Structure formats: C-alpha cells, structure tokens
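# Chain and residue survey
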Amino acid sequence: YIATLAALAEQGLDGNVSIKLTQMGLDLDRDLCRENIWRVVEKAAESGAFVRIDMEDHTRTDATLEVAREAHGWYRHTGVVIQSYLRRSAADVEALIGEGIRVRLCKGAYDEPADVAFASKAEVDESYRVLMERLLRDGHYPGIATHDEQLIAHAREFTQREGIGPARFEFQMLYGVRRDLQHALVADGYTVRVYVPYGREWYPYFMRRLAERPANLLFLLRNLVRDRG
Ligand SMILES: Cc1cc2nc3c(=O)[nH]c(=O)nc-3n(C[C@H](O)[C@H](O)[C@H](O)COP(=O)(O)OP(=O)(O)OC[C@H]3O[C@@H](n4cnc5c(N)ncnc54)[C@H](O)[C@@H]3O)c2cc1C
C-alpha cells in the first residue's frame, strides 16, 4: 500500500487505496491492525490520497466501523463501505452521514445468515435504492458501487430530479466488469472509479467474484482454453 501510494503520487494520479482490515491483522491483534492502518494513512496524507476501508463479513462490521472512525479522526480523507444486504445498514448510514464520513455503498459479497442480512435479491436491491437515495441527498461524496443497470439508471434519474450534480458522487465498478457501462457513464459526464485488485493474496477475492457470478467460471475456463490453443 505504501509503495502504491508513492507510485500514485509520483504519477499524479487521483487514486484511492482500499484496505481489508483482515489483511492488516484485524483477527490477530487490534493494535497491530491500527498501527498498520496508521502507517498507510500517514503515507496517504503526504499526497492527500483517499483511503477506503472495505467491509468484510458481518462478524467484523463493528470492528471495521470502529477502526474506520478512528482512522477518520486521524485523517479525514478516510471512508468506509456499507453493504445494502445487512439489516443494520440504514442505522449505520445515518450515523456516518452525521459524522461526515464518506461511504461506498455496495450490495455485499459474503454469505450471511438470514437474521443479519436480507436473502432475496429484491430486498437487497430495495435496500440499496433507499440507502443510495439517502446518501446521494445528504451523504459526503458517496461511492455508488454497483454494476446493476437498474440501480445506476435510478441514481441518474434521482440525482437529475433532485438537482444533485455529478460532481457530488461517483460510480464505482470492478476492474473488467461491465466496461461498456463504465465508458457510457464517463461519456455522459459521470465519474467512474475502477476497483483494481492486486497482490499475492488473490484467492479469497477471486472466490467471492466467482460466487456472485458462477458464469465467470465458464468464462475463465473458456479463456484458459483459448489462451492455450
Ligand atoms: C468498487 C466496488 C467495491 C466493492 N467493495 C466491497 C466491499 O468492501 N465489501 C463487500 O462485501 N462487497 C464489495 N463489493 C462487491 C459488491 O458487494 C457486490 O458483491 C458486487 O458488486 C456485485 O453486485 P452488483 O451491485 O454489481 O449487483 P448484482 O445484482 O450482483 O449484479 C448486477 C449485474 O452486474 C454484473 N456483474 C456483477 N458482478 C459481476 C462479476 N463479478 N463479474 C461479471 N459481471 C458481474 C452482471 O451483469 C450482473 O447481472 C464491491 C463492489 C464494487 C463494484
């Protein structure tokens, strides 16, 4: 992360870094995790880069919010992620809006029990719509992280209707996913930030992407065969 932040600054790029706290030692030792975050935040502060703390499974939501709040206290260009599938998220969004902390809104990528998370796509999408409207209206430069065309169309229609300009939020998508949509949004004057995974610990990330869209496995196998052919 420190090397990436240095490279972003050197190239003059408006890049953010996104951090998973378990990769920073959250499950080993909370103080070690905070020290590691502090090091990243300190480096980011040299160039004014934004630091995003990703959200992991629900057993870590409280700890993640706690560390994110602390990091925001050290350096205000720090934000967090809220998942629309969690039943608690409306309350978390309200609190974060009040605290002036930037939120990336996503649907959520972990297999969660029904008592903490909505199970049906309809409920997760409806929750996304409600939280997105709330963040677009009163949030602090929210990141609308989805490839869902209906939700993106709703964001566009809602912001136009409410007079919320494109400079007040950004869309975010995963590297390589729906590039057509990414280009179309940029052509229409919207900001699109692309999430680029990198590094050696790629396996859990890769498995989550496969789990949310099993068709990707077929896509991967086809390309492997094609590359060898
Ligand atoms: C920038 C960014 C950051 C994220 N950060 C987090 C995080 O911190 N914590 C977390 O739990 N989750 C995170 N996610 C993942 C997110 O929670 C969802 O799992 C993921 O984005 C898929 O949901 P969707 O909103 O695109 O809607 P879906 O309803 O799942 O998908 C809508 C359509 O998008 C396309 N699509 C979606 N995913 C893929 C894919 N992997 N490959 C190909 N096509 C696809 C398909 O056409 C699909 O029909 C992040 C996602 C993004 C874009």
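Model, not experiment: these values are computed from the prediction.

Here is what the cut-offs are and how they apply
- Residues numbered from 1 in each chain as written.
- Predicted model: local features only at pLDDT ≥ 70, side-chain atom pairs only at ≥ 80, totals over all residues.
- Heavy atoms only, no water.
- Near = heavy atom within 4 Å.
- Polar contact = N/O pair within 3.5 Å; in protein donor to acceptor, adjacent residues only side chain to side chain.
- Helix = DSSP H or I, 4+ residues; strand = E, 2+ residues; numbered from the N terminus.
- Core = buried A, V, L, I, M, F, W, Y, C linked by side-chain atoms within 4.5 Å.
- Buried < 20%, exposed > 50% of the residue type's maximum accessible area, 1.4 Å probe, protein only.
- Contact = heavy atoms within 4.5 Å.
- Salt bridge = Lys/Arg side-chain N within 4 Å of Asp/Glu carboxyl O.
- Disulfide = S-S within 2.5 Å.
- Phe/Tyr/Trp six-rings, centres within 6.5 Å; stacked < 30°, edge-to-face > 60°.
- Lys NZ or Arg CZ within 6 Å of the ring centre and 35° of its normal.
- Domains from an automatic or database assignment.
- Buried area = accessible area lost by both parts, 1.4 Å probe.
- Nonpolar A, V, L, I, M, F, W, Y, C, P; charged D, E, K, R; others polar.

## Considerations on the site of the ligand
In the vicinity of the ligand, 24 residues are found, and the nearest of them are Lys107, Gly108, Thr146, His147 and Glu212. The backbone of Met55 places a nitrogen or oxygen atom 2.8 Å from a nitrogen atom of the ligand. Contact between the ligand and Arg104: a nitrogen atom at 3.1 Å from a side-chain N or O atom of the residue. Here the element with the most residues in the shell around the ligand is strand S6 (residues 170–174); it accounts for three residues.

## Here's the deal with the nonpolar core
Residues Ile37, Val80, Ile82, Met132, Leu136 and Phe171 are the most contacted members of the largest nonpolar core, which totals 51 residues. Among all residues touching Met132, those that are not within four sequence positions of it are Leu105, Ile144, Leu151, His154 and Ala155.

## So, the pattern of salt bridges
Under the criterion given, the structure shown has 27 salt bridges. Between Glu162 and Arg137 there is a salt bridge, with its nearest N and O atoms 2.8 Å apart. With Glu162 in helix H6 (residues 149–162) and Arg137 in helix H5 (residues 121–138), this residue pair connects regions lying 25 residues apart in the sequence.

## Remarks on the state of the cysteines
Within the structure shown, the criterion is met by zero disulfides. For Cys33, which is in no disulfide, the shortest distance to another cysteine sulfur is to Cys106 and amounts to 19 Å. Owing to a relative accessible area of 18%, Cys106 belongs among the buried residues under this scheme.

## Here's the deal with the packing of aromatic side chains
Taken as a whole, this structure holds five aromatic pairs when the rule is applied. With a centroid separation of 6.4 Å and 65° between ring planes, the pair formed by Tyr1 and Tyr198 is classed as edge-to-face. Of this pair, Tyr1 sits in the segment before helix H1 (2–11) while Tyr198 sits in the loop between strand S7 (192–195) and helix H8 (203–212), and the two are 197 residues apart along the sequence. Ring geometry for Phe169 versus Tyr190: centroids 6.1 Å apart, planes at 45°, classification tilted. Taken as a pair, Phe169 in the loop between H6 and S6 and Tyr190 in the loop between helix H7 (179–187) and S7 lie far apart in primary sequence, 21 residues in all. Taken together, Phe169, Phe171 and Tyr190 form an aromatic cluster joined through their ring pairs. For the cation-ring pair, Arg102 lies above Phe50, with the distance from its terminal atom to the ring centre recorded as 3.7 Å. Above the face of the Tyr175 ring, Arg179 is positioned so that its terminal group lies 5.4 Å from the ring centre.

## Side note on the domain arrangement of the chain
The assigned domain composition of the chain is domain 1 (2–198) and domain 2 (199–229). Here the C-alpha centroids of domain 1 and domain 2 sit 24 Å apart. Contacts between domain 1 and domain 2 engage eight residues on the former and six residues on the latter. Carbon and sulfur atoms supply 60% of the area that domain 1 and domain 2 bury against each other, a total of about 640 Å² over both sides. The three residues of domain 1 that bury the most area against domain 2 are Ala109, Leu174 and Tyr198, which together make up 52% of that side's buried surface. One can count zero salt bridges joining domain 1 with domain 2. Remark: the boundary between domain 1 and domain 2 carries zero residue pairs in polar contact (both at pLDDT 80 or more). Residue composition of the side of domain 1 that touches domain 2, grouped by class: six nonpolar, one polar and one charged.

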